[in-house]
Amino acid sequence: MREFMVKLAGVLGRRRRWVLAGWVAVVVLALPIASHQTDHLTGGGFDVPGSQSKAVSDALERDFSHSSGGIAVLLRAEEGASGVARAGAVARVRRAVAGLDEVTLAPAIARRGEIALARNGIAMLPLHSEQSSDRQIDSAATLREDLDPGTARNGVTTYMAGQPTIWAGMQELSKEDLAKAEAGGFPIVAIILLVVFGSLAAAVLPLVLGFVSVIVTGALIYFVSQQIETSVFVTNMASMIGIGVAIDYSLFILARYREERAAGHDADAARAEALSTSGLAVAFSGLAVIVSLAGLWMVDNQALRSMALGAMMVVAVSILTAVTLLPALITMLGDRVLPGGIVAKVLSFFRRRGPRPDREAFWVRWTGRVMAHPWRAVCGVSAVLLFLAIPLLSIETGTQAIAQFPKDSDVRVGNELASRQLGGGTDPIQIVASFPNAAAARAGRPEVSGFVRTLEATPGVSSVAAPVYSAGDALIRATPSAPSESDGAIALVERLTDTVGPQSHLSQVATVDVGGETARSQDARHQVSGSMWKIVLFVLALSFIVLMVMLRSLLLPLKAVLMNLLSIGAAFGVLVAVFQWGWFDSLLGFESQGALDTINVPLIFAIVFGLSMDYEVFLMSRIRERYLEHGDNERAVAEGLATSARTISSAALIMTCVFAVFVLTGVPSIKELGLGCAVAIALDATLVRLILVPAAMKLLGAWNWWMPSWLDRVLPDLSFEGGNGSAPEPAEA
């Protein structure tokens, strides 16, 4: 692999103009496509195969499309609004709906709306569609553009309600949050890079790679969303991870190039060495991230899979830009990427009051102090991380789409207003009774009527609509007295699923399935929580194998896996305290959800585990490089940490800042994702890499590099160093 990377560095140097022209062409083509990446994203993908909610969803689309609901328009008039203004508001809704292909407004409903608005000052206009709720999101987005909900016109304010309107509003909000995060994230990262590199040209390169990676991935998301159901949150997550990962990867390669130049090597040799060491480490660490994210595909949940795919794509693109575009740009810029120019003069002005510290000597002394008392370091850091992880024992998960919006958002206000008008949730519980055949369905109508009476008498049910029949099925809609995403509605769904349905006379002649948005969310929650063990096992096993091949050791990968679990556990503990228990709500501007988002738990685990492997790979590759030179374990740890600590700390600071920006600008689920990743990366790059790793390696001694000879012969040689990469005999203690 090393020889290949050396040859690649030569080719990129000679063909730098062609490489740059190719990437420019890719970006020019991707830019307009990426601007439309949210056009086909949906809030769906939560259907659980084999569940009752999935059976109901399929029956609705197959047999009851004429009864599909989803979108409702609400009109609220102020006391002083004229009759003309009220009638004009209804007419405006009719014109807007008339421009849609798949959604209609019945004239009778419009007339009743005019009467209700004139008499009561409020009217609810349910729209009709033969599409499923998930397929109405595009229509809801178009209506939002035409009706401008939340804005008063002549004393009448328009609102929209229903599940499709929630996800259409989420598309809009996600796009706004993404623009804010990118606008705030890039300047912060630019300042850090200027301080780290002391060169404007060197600081610009990682930013360019971050921009290219995000744009190209945005175009890929657009094409993927046309082929498979893709979550509305995928753009924010891909941007969040892409900015940090692309900048980190380019930072490691560029830092190694500058180190080699400072050691006296010419530009070609320095570029080849940087690509064959740090470039190869980038490829390995990126592979570790992709492997971790691939574990999410073990859950048959399309929303989770689509978010994992978006993150995997941005990591893959970041690897490609780092090992192809970056070397070409370094060749073209030449010595301008080295410290110097106006930035270096400004930084030297602030440093001139005292002597410039010898950073490598500092880290050598730091490592020496840590390894002088290894048990104290291991026990102390482990105690801190375990203490932070204590809240994890009380973790609860849930899914609340409407709570993602600010309290004054038109989406939230409209759905809460509709809930009050309906006397309960905006999304009714849908129950489908499937009979063996049409004759059985006709004969079973008395049982259906009896079941309706049972539902009406069930606590928590506000109203029950008249049954709707198809050839062999019956559809019954029950409106809960509590909001659709509340604990009361969830408890009602569980009661209907576990007792009311199975114990009814109807269940003796037909299969009774309970569905709707509340039931679907609960099914997805149980599916994800029940699959976490598979995700954890897959990620741990594959990460162990990748590190074993790279480090030629059995104990070092095991150490890395255990330490990553410590930092991830601490991060989840912080998330539970902030988002579930509501700590620091007023200080940080959060709104406690009472539970962590169902999808975020596996996402955060996979993302953080993969990103933590980044720093493990970069640090351990440097330590192993030194160990192969002289075979002294303690000296190798000290020298490896000294040469990589500043770069790792800078990369972690950049990654943490990127995640923190999304904490301050995103919806609650994105805030969770950002805070969890920021805390985990900060802990991993400080307590784990700077204290726990050197202390543990001191305790393990020569056992760090133990590998059975038969296994060493079987594994592929993907060494970061020249030669065969075999470890020398360890030096005497």
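See above for the structure.
Remember, it's a predicted structure, so these values are computed and weren't measured experimentally. (Residues numbered from 1 in each chain as written. Predicted model: local features only at pLDDT ≥ 70, side-chain atom pairs only at ≥ 80, totals over all residues. Heavy atoms only, no water.)

**Q** Could you give an account of the pattern of salt bridges, naming the residues involved and the relevant values?
**A** Within the structure shown, the criterion is met by 21 salt bridges. For the salt bridge of R256 with E273, the shortest nitrogen-to-oxygen distance reads 3.6 Å. Remark: E273 occurs in helix α10 (residues 267–294) and R256 occurs in helix α9 (residues 234–262); sequence separation between them is 17 residues. We classify R256 as buried; its relative accessible area is 4%. The salt bridge involving R635 is made with E639; its shortest N-O contact spans 2.8 Å. (Salt bridge = Lys/Arg side-chain N within 4 Å of Asp/Glu carboxyl O. Helix = DSSP H or I, 4+ residues; strand = E, 2+ residues; numbered from the N terminus. Buried < 20%, exposed > 50% of the residue type's maximum accessible area, 1.4 Å probe, protein only.)

**Q** Kindly report on unusual backbone geometry, identifying the contributing residues and their values.
**A** The backbone phi angle of N154 is positive, close to 55°, even though this residue is not glycine. Note that N154 resides in the loop between β5 (152–153) and β6 (156–161). On the basis of relative accessibility, which here comes to 67%, the residue N154 falls in the exposed class.

**Q** Requested: an account of a nonpolar patch on the surface, with residues and values cited.
**A** On the surface, a nonpolar cluster with roughly 220 Å² of combined accessible area is contributed by L200, V204 and V208. Residue class for V204 comes out partly exposed when judged on its relative accessible area of 36%. (Patch = residues over 30% accessible without salt bridge, like charges linked within 9 Å, V, L, I, M, F, W, Y side chains within 5 Å. Areas by Shrake-Rupley, 256 points an atom, 1.4 Å probe, with all protein chains shown as cover.)

**Q** Explain the sheet that holds strand β3 (residues 122–126) residue by residue, including any values.
**A** Sheet architecture is open: four strands sit in the order β3-β1-β6-β5, paired in antiparallel fashion. This sheet does not close on itself; its edge strands, each paired only once, are β3 and β5. As defined by bridge partners, β5 adjoins β6 across two bridges and the pair is classed as antiparallel. From the neighbouring strand, A152 faces β6, where its bridge partner is T157. Its contacts with the sheet place helix α5 (residues 107–120) against β1 (72–77), β3 and β6, and it is angled at close to 165° to β3. (Pairing = 2+ DSSP bridges. Contact = heavy atoms within 4.5 Å. Axes fitted to C-alpha atoms, helices over the stretch in contact; angles between N-to-C directions.)

That is the geometry; function is a separate question.
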